[in-house]
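# Summary of structural features
One-letter residues, chain by chain:
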Amino acid sequence: MFKNPFSFNGRIRRMEYGLSILIHIVFYIAALALIDSSDTSGIGATIGVLMFIPMLWFLWAQGAKRCHDIDRSGWMQIIPFYGFFLLFQGSDDGTNSYGPNPKYPDQIDVLDSETLDGHLKD
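Okay, so let's go over this structure. The model shown is predicted, which means the values in this text are computed figures rather than measured ones.

### Section: the packing of aromatic side chains
Summed over the entire model, instances satisfying the criterion amount to six aromatic pairs. Taking 5.3 Å as the distance between ring centres and 85 degrees as the angle between the ring planes, the aromatic pair formed by Phe8 and Trp57 counts as edge-to-face. Taken together, the residues Phe8 in the segment before helix H1 (14-36) and Trp57 in helix H2 (residues 43-69) connect sequence positions 49 residues apart. Residue class for Trp57 comes out partly exposed when judged on its relative accessible area of 45%. Centre to centre, the rings of Tyr28 and Phe52 are 5.6 Å apart; their planes meet at 70 degrees, and the pair counts as edge-to-face. Taken together, the positions of Tyr28 in helix H1 and Phe52 in helix H2 put the pair 24 residues apart, joining distant regions of the chain. Given a relative accessible area of 37%, Tyr28 falls into the partly exposed group. For Phe52, a relative accessible area of 22% puts it in the partly exposed group. Taken together, Phe2, Phe6 and Phe58 form an aromatic cluster joined through their ring pairs.

See below:
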């Protein structure tokens, strides 16, 4: 889990996506607390605002990988409330166009590994 959290490539499961949302919420609350801090220099507020950039990148990357897990484009996550659908939709079995199933990465897809007469490729 969380091998490349800022990458838009690959697939992730529902559990990693749900944990990503929880991590995002924790950092969001921390950023808001820094912004609301009452220091006079404004350093805390600046740090809080700057935290939003990697937080959004992280959430979009994880959402795109979750979309890839159900063989959809990462752009689908901009549909309102699509994130709730991603939390409950099961993964595609086997390998899809975005890579192998993250639950069973070493699982061999029989249709991809055999020729029509039943012999193994390579």
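### Brief notes about the layout of surface pockets
Of the pockets and cavities examined, the largest pocket occupies roughly 440 Å³. Its residues assigned to classes, the lining of the largest pocket shows eight nonpolar, six polar and five charged. Counted as a void, the second largest pocket has a volume near 370 Å³. Together, 14 residues line the second largest pocket, and Tyr17, Leu59, Trp60, Gln77 and Ile78 are the ones closest to its centre. In terms of residues, the lining of the second largest pocket owes the most to one element, helix H3 (residues 82-88), which gives five residues.

### Re unusual backbone geometry
Backbone geometry at Asp71 places phi at a positive 60 degrees, although glycine is not the residue there. Looking at where Asp71 falls in the secondary structure, it is placed in the loop between H2 and H3. Its identity as a non-glycine residue notwithstanding, Phe81 has a phi of 65 degrees, on the positive side. Here Phe81 lies in the loop between H2 and H3. A relative accessible area of 67% means that Phe81 is categorised as exposed.

Parameters at a glance
Residues numbered from 1 in each chain as written. Predicted model: local features only at pLDDT ≥ 70, side-chain atom pairs only at ≥ 80, totals over all residues. Heavy atoms only, no water. Phe/Tyr/Trp six-rings, centres within 6.5 Å; stacked < 30°, edge-to-face > 60°. Helix = DSSP H or I, 4+ residues; strand = E, 2+ residues; numbered from the N terminus. Buried < 20%, exposed > 50% of the residue type's maximum accessible area, 1.4 Å probe, protein only. 1 Å grid on protein atoms, 1.4 Å probe; cavity = no way out; pocket = protein on both sides within 12 Å on 5 of 7 lines; lining within 4 Å. Points joined across faces, edges and corners; volume = space filled by probe spheres on them. Nonpolar A, V, L, I, M, F, W, Y, C, P; charged D, E, K, R; others polar.

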